[in-house]
Amino acid sequence: VQTLQKAFVINGIHTEYFASVYSNRVMLSITQLNKMGSVISATKQCSPEEGAAVYQVKTLLGKRDDPGANILARQLIELIQGTEKSLLLTLSLKDTSH
């Protein structure tokens with residue numbers, strides 16, 4: 001298991017980043033609240049008929065109506081090398097919209 005832990009300041013907010021790479025999955029945690037937050041699963045499969053990748057993003061726990069989290073998970077799964085690895089993303093970000 002390869003593991004990476006970093007901290008950044010993004011728009012003035014302390015952000016923790018943790019990633020573990022397993023043989024079949026990548027677990028990525030991004031938090032600004034020191035909590036696990038929403039848990040999102042993303043998978044990528046190649047369609048044998050069309051030869052194109054098919055992506056599935058599913059919120060397993062937490063806020064289900066957050067399109068930003070689903071878009072982030074979709075973009076991250078596109079970056080993961082190999083068609084066999086899935087993504088398990090935990091996301092807990094401060095709401096800066098107001």
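Relevant structure appears above.
Residues numbered from 1 in each chain as written. Predicted model: local features only at pLDDT ≥ 70, side-chain atom pairs only at ≥ 80, totals over all residues. Heavy atoms only, no water.

Asks: What is the right way to look at the layout of surface pockets in this model?
Replies: Summary: where empty space remains is shown by rolling a probe the size of a single water molecule over the atoms. Put simply, the largest pocket is a space of about 280 Å³. In terms of lining residues, the largest pocket is bounded by 14 residues, among which Lys63, Asp66, Leu91, Ser92 and Leu93 are the most central. Sorting elements by how many residues they give to the lining of the largest pocket places helix α1 (residues 67–79) first, with 3 residues. Its residues placed into classes, the lining of the largest pocket shows 4 nonpolar, 6 polar and 4 charged. (1 Å grid on protein atoms, 1.4 Å probe; cavity = no way out; pocket = protein on both sides within 12 Å on 5 of 7 lines; lining within 4 Å. Points joined across faces, edges and corners; volume = space filled by probe spheres on them. Helix = DSSP H or I, 4+ residues; strand = E, 2+ residues; numbered from the N terminus. Nonpolar A, V, L, I, M, F, W, Y, C, P; charged D, E, K, R; others polar.)

Asks: Looking at this structure, how should I read the nonpolar core?
Replies: Soluble globular proteins: nonpolar side chains tend toward being buried together. In this structure, Leu28, Leu87 and Leu89 are the most contacted members of the largest nonpolar core, which totals 14 residues. For this core, the secondary structure elements donating two or more residues are β3 (25–31), β4 (38–46), α1 and β6 (86–92). With 4 residues, α1 is the largest single contributor of residues to this core. Each residue touching leucine 28, except ones within four places of it in the same chain, is listed here: Tyr17, Phe18, Ala19, Leu76, Leu87, Leu88, Leu89 and Thr90. (Core = buried A, V, L, I, M, F, W, Y, C linked by side-chain atoms within 4.5 Å. Buried < 20%, exposed > 50% of the residue type's maximum accessible area, 1.4 Å probe, protein only. Contact = heavy atoms within 4.5 Å.)

Asks: I'm lost on the side chain of serine 41 in this one. Help?
Replies: Structurally, serine 41 can be placed in strand β4. Every residue in contact with serine 41, bar those within four places of it in the chain, is listed here: Gln56, Val57, Lys58, Leu60 and Leu87.

Asks: In this structure, what is going on with a nonpolar patch on the surface? I would like to understand it.
Replies: Together, Met36, Leu60 and Leu61 make up an exposed nonpolar region whose accessible area comes to about 280 Å². The residue methionine 36 is located in the loop between β3 and β4 in this model. Of the residues examined, methionine 36 reaches a relative accessible area of 46% and is grouped as partly exposed. (Patch = residues over 30% accessible without salt bridge, like charges linked within 9 Å, V, L, I, M, F, W, Y side chains within 5 Å. Areas by Shrake-Rupley, 256 points an atom, 1.4 Å probe, with all protein chains shown as cover. Salt bridge = Lys/Arg side-chain N within 4 Å of Asp/Glu carboxyl O.)

Asks: What is the right way to read the pattern of salt bridges from this model?
Replies: Here the idea is simple: oppositely charged side chains can pair when their charged atoms come close. The final tally for this structure, using the stated rule, is 1 salt bridge. One salt bridge in this structure joins arginine 74 and glutamate 78, with 2.1 Å as the shortest N-O distance. In this pair, arginine 74 and glutamate 78 are both assigned in helix α1, 4 residues apart and thus about one turn of the helix distant. By relative accessible area, which is 31% here, arginine 74 ends up partly exposed.

Asks: How should I be thinking about the sheet that holds strand β2 (residues 13–21) in this particular structure?
Replies: Strands belonging to one sheet form pairs held by backbone hydrogen bonds; the direction of such a pair is parallel or antiparallel. Taken in spatial order, the 6 strands make up an open sheet running β1-β2-β3-β6-β4-β5, and their pairing is mixed. Looking at which strands have only one partner, the edges of the open sheet turn out to be β1 (2–10) and β5 (53–61). Strand-to-strand twist across the sheet, computed as the mean angle between neighbouring axes with direction ignored, equals 15°. With 6 bridges connecting them, β2 and β3 associate as antiparallel partners. (Pairing = 2+ DSSP bridges. Axes fitted to C-alpha atoms, helices over the stretch in contact; angles between N-to-C directions.)

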